[in-house]
Amino acid sequence: MNIEDVRKFCLSLKGAEEKMPFDDKTLVFSVKGKMFCATDITTFEFLNLKCDPEEAITLREKYSDVTPGYYMNKKLWNSVKTTGKITDKQMKEWITNSYNLVVAGLPKKTQKELTEE
């Protein structure tokens, strides 16, 4: 996936927004203010994606293109190379999983608002 494909897919998720809260090169996708995906727009070498802690370890063991989250909580985040062997389908699945984890951690009222939008 190229950066425009990632951007388009992330923004297609209900309530997703994009911002650059850290600097002028780190693009962050969030839902209700909670980050689910981040990337460096100057290099676009990897995506940081939130992950279930046990699944994070499994993915790192199974795929050489998946490593502990760069600049992130290594227990909850993975960095996925964008130029590696991960398919677009797999990348979209992992982005969706990250989004769903974040939504699941939101207050029930906020989750309901998302489903009603």
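Whatever comes next refers back to the structure up there.
Because the structure is a prediction, the values reported are computed rather than measured.

A. Just the side chain of Asn78, in detail. Positionally, Asn78 belongs in strand β6 (residues 77–81). Here Asn78 falls in the buried class, since its relative accessible area comes to 3%. Contacts of Asn78, omitting those with residues within four sequence positions, involve Leu47, Asn48, Leu49, Cys51, Ala56, Leu59, Arg60, Val66, Thr67, Pro68 and Gly69.

B. Inspection of helix α4 (residues 108–116) at higher detail. Among all positions in α4, only Thr110, Gln111 and Leu114 are buried. Buried residues of α4, seen end-on, are gathered within an arc of 105° and therefore sit on one face of the element. Across from the buried face of α4, at angles greater than 90 degrees, the exposed residues are Lys108, Lys109, Lys112, Thr115 and Glu116. Residues of α4 that are buried make contact with β2 (26–31) and α3 (88–104).

C. Structural detail: the pairing of strand β1 (residues 16–19). Sheet analysis places β1 next to β2, joined by four bridges and oriented antiparallel. The residue of β2 that forms the bridge with Lys19 is Val28.

D. Spotlight on the sheet that holds strand β4 (residues 46–50). One open sheet holds the six strands; their spatial order is β1-β2-β3-β4-β6-β5, and the pairing between them is antiparallel. The open sheet has two edge strands with one neighbour each: β1 and β5 (66–68). The mean angle between the axes of side-by-side strands here comes to 25°, regardless of whether they run parallel or antiparallel. Of the strands in this sheet, β2, β3 (34–40), β4, β5 and β6 are in contact with α3, which crosses β4 at around 40°.

E. How the structure looks around the nonpolar core. Counting residues in hydrophobic clusters, the biggest one holds 28 residues, and the most contacted among them are Val6, Phe36, Leu47 and Ile95. When residues of this core are traced back to their parent elements, those giving at least two are α1 (3–12), β2, β3, β4, α2 (53–62) and α3. Ranked by size, the runner-up nonpolar core spans five residues in total, among them Val28, Met35, Ala38 and Met72.

F. Spotlight on the state of the cysteines. Enumeration according to the criterion identifies zero disulfides in this entry. Cysteine Cys37 shares no disulfide, and the gap to the nearest cysteine sulfur, in Cys10, comes to 4.1 Å. For Cys37, a relative accessible area of 0% gives the class buried. Free of any disulfide, Cys51 has its nearest cysteine sulfur in Cys37, 13 Å distant. Residue classification places Cys51 among the buried positions, given a relative accessible area of 8%.

G. Molecular detail of α1. Restricting attention to buried positions, one finds in α1 the residues Val6, Phe9 and Cys10. Along the long axis of α1, the arc covered by the buried residues comes to 100°, so they all point the same way. Facing away from the buried side of α1, by more than 90 degrees, are the exposed residues Lys8 and Ser12. Contacts from the buried residues of α1 go to β1, β2, β3, β4 and α3. N-cap assignment for α1: the residue whose side-chain oxygen lies 3.0 Å from the backbone N of Glu4 is Asn2.

Conventions we followed
For every chain, the first residue of the written sequence is number 1, and numbering continues from 1 along that sequence. Confidence filtering applies because this is a predicted model: local features only for residues at pLDDT of at least 70, side-chain atom pairs given and counted only at 80 or more, and all residues used for totals across whole chains, interfaces and linings. For side-chain calculations, the full set of non-hydrogen atoms in the structure is used, while hydrogens and water are omitted. Secondary structure elements follow DSSP: runs of H or I of four or more residues count as helices, runs of E of two or more count as strands, with numbering from the N terminus. Burial classes follow relative accessibility: with a 1.4 Å probe on protein chains only, a residue under 20% of its type's maximum area counts as buried, one over 50% as exposed, and anything between as partly exposed. In what follows, a contact means two residues having at least one pair of non-hydrogen atoms within 4.5 Å. For this quantity, the arc is that covered by the directions from the helix axis to the C-beta atoms. Only when DSSP finds a minimum of two bridges between them are two strands counted as paired. Every angle, taken between N-to-C directions, lies between 0 and 180 degrees, and every axis is a line fitted to C-alpha atoms, over only the stretch in contact when it is a helix. What is meant by a nonpolar core is a set of buried Ala, Val, Leu, Ile, Met, Phe, Trp, Tyr and Cys residues, joined one to another through side-chain atoms within 4.5 Å. Whenever a pair of cysteine sulfur atoms sits within 2.5 Å, that pair is classed as a disulfide. A 3.5 Å cut-off defines polar contacts: any pair of N or O atoms within that distance qualifies, except that in protein one atom must be a possible hydrogen donor and the other a possible acceptor, and neighbouring residues in sequence count only when both atoms are side-chain atoms.

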